[in-house]
Amino acid sequence: MRTIILHYHLFKNAGTSLDAAFKENFSELEGEWVTKEFPAQPARNRAELKQWIIDNPQAKCFSSHTAIFPVPEIEGVKIIPVIFLRHPIDRISSAYNFEKKQKVEGFGSTLARNTTFSGYVETRLSLPFDRQCRDFQAFRLATMFGEQHGDEASRAKMAIERLPFVGLVEKYSESLERLESLLRDEGFDDLTLKPMEANVSRNTAKSLDEKLKDITKELGGDLLERMLASNSADLELWEGVFDD
């Protein structure tokens, strides 16, 4: 049985730092760590993800920002999915700061460079199909199950319960220890995951409470309340994992 790691790299959820830790253990040059992005159309996404794993028999760790659940089922291959969650309001603030510094012409980066944080949030919340500032994590997790299993929030909770590992950005070192233990039990005997900072867009010395206070001052009460209401499923997911 071949055992591999599949990192569902959610935007601004410490995924680049985690990939850096993985690349300390798996050679990118030899194709042991690989990355790829996939189309938004779910059926194509899932089919191409499955084929990517099959086509890279030398790879031990796969990473993608756009891979859609459920975890592929491939005969002779055991897949260990890895995903991290983050407090949604802090994640959105981090996304804005990151996109503001980008030199690309995508929608998010162009918007961030040309407006304030409040303008960025208001614009993205006004777009019905834009999920960057609206329960982004629940939206991604809910793809684990079909709509017959309930609404998006319920399906996201089911995914959390089913997945073998869900890390927290706010408990990053502790999460890495749990992940390292899990992966060693799965046959990655020599794996060592060191906390590394990569692609960090803000001051990491501040506590979550301090960052949330700064965000409240920047946005004002009304917009913050709108953000909280638009991310109620993400908050519930995060609180559930955080309390564990």
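Structure first, text after, so check above.
Residues numbered from 1 in each chain as written. Predicted model: local features only at pLDDT ≥ 70, side-chain atom pairs only at ≥ 80, totals over all residues. Heavy atoms only, no water.

Caption draft 1: Broad picture of the overall build of the protein. Secondary structure assignment for the protein yields 11 helices and five strands. By the compact-globule yardstick of 18 Å for 244 residues, the protein fits well, its C-alpha radius of gyration being 18 Å. With the principal axes as the frame, the protein shows a C-alpha extent of 55 × 40 × 40 Å. By the burial criterion, 50% of the 244 residues in the protein qualify as buried. Restricting the contact set of the protein to residue pairs at least 6 apart, pairs at least 24 apart contribute 67%. Total accessible area on the protein stands at roughly 12,100 Å², and carbon and sulfur atoms take up 50% of it. (Helix = DSSP H or I, 4+ residues; strand = E, 2+ residues; numbered from the N terminus. Rg over C-alpha atoms; globule rule 2.2 N^0.38 Å. Buried < 20%, exposed > 50% of the residue type's maximum accessible area, 1.4 Å probe, protein only. Contact = heavy atoms within 4.5 Å. Areas by Shrake-Rupley, 256 points an atom, 1.4 Å probe, with all protein chains shown as cover.)

Caption draft 2: Structural detail: unusual backbone geometry. In this structure, Pro70 follows Phe69 across a cis peptide bond, with omega equal to 5°. Relative to the elements of secondary structure, Pro70 occurs in the loop between β3 (61-64) and β4 (77-85). Residue Ala14 is not a glycine yet carries a positive backbone phi of 65°. Relative to the helices and strands, Ala14 is located in the loop between β1 (2-8) and α1 (15-23). At Asp135, a residue that is not glycine, the phi angle is positive and equals roughly 45°.

Caption draft 3: Structural detail: the pattern of salt bridges. Across all of its chains, the model carries 13 salt bridges by this definition. The closest approach of N and O atoms between Lys23 and Glu28, which form a salt bridge, is 3.8 Å. Note on Lys23: relative accessible area 34%, which makes it partly exposed. One network of salt bridges, in which partners are shared, links Arg86, Asp90 and Lys211. (Salt bridge = Lys/Arg side-chain N within 4 Å of Asp/Glu carboxyl O.)

Caption draft 4: Quick peek at the packing of helix α3 (residues 88-101) against helix α5 (residues 117-126). Between α3 and α5, the shortest axis-to-axis distance is 10 Å and the interhelical angle comes to 110°. In this view, α3 runs roughly perpendicular relative to α5, as classed from their interaxial angle. Two secondary-structure elements touch here, α3 through Ile92, Ser93, Ala95, Tyr96 and Glu99 and α5 through Phe117, Tyr120, Val121 and Arg124. When grouped by side-chain class, the residues that make up the contact of α3 with α5 number six nonpolar, one polar and two charged. (Axes fitted to C-alpha atoms, helices over the stretch in contact; angles between N-to-C directions. Parallel < 35°, antiparallel > 145°, perpendicular 65-115°, else oblique. Nonpolar A, V, L, I, M, F, W, Y, C, P; charged D, E, K, R; others polar.)

Caption draft 5: Highlighting the nonpolar core. In this structure, Tyr120 and Leu141 are the most contacted members of the largest nonpolar core, which totals 54 residues. Top element by residues in this core is α3. It accounts for five residues. Ignoring sequence-local partners within four residues, the contact set of Leu141 consists of Phe69, Ile83, Leu85, Arg155, Ala156, Ala159, Ile160, Leu163 and Leu237. Counting 19 residues, the second-largest nonpolar core is a separate cluster that includes Phe22, Val82, Tyr172 and Leu193. (Core = buried A, V, L, I, M, F, W, Y, C linked by side-chain atoms within 4.5 Å.)

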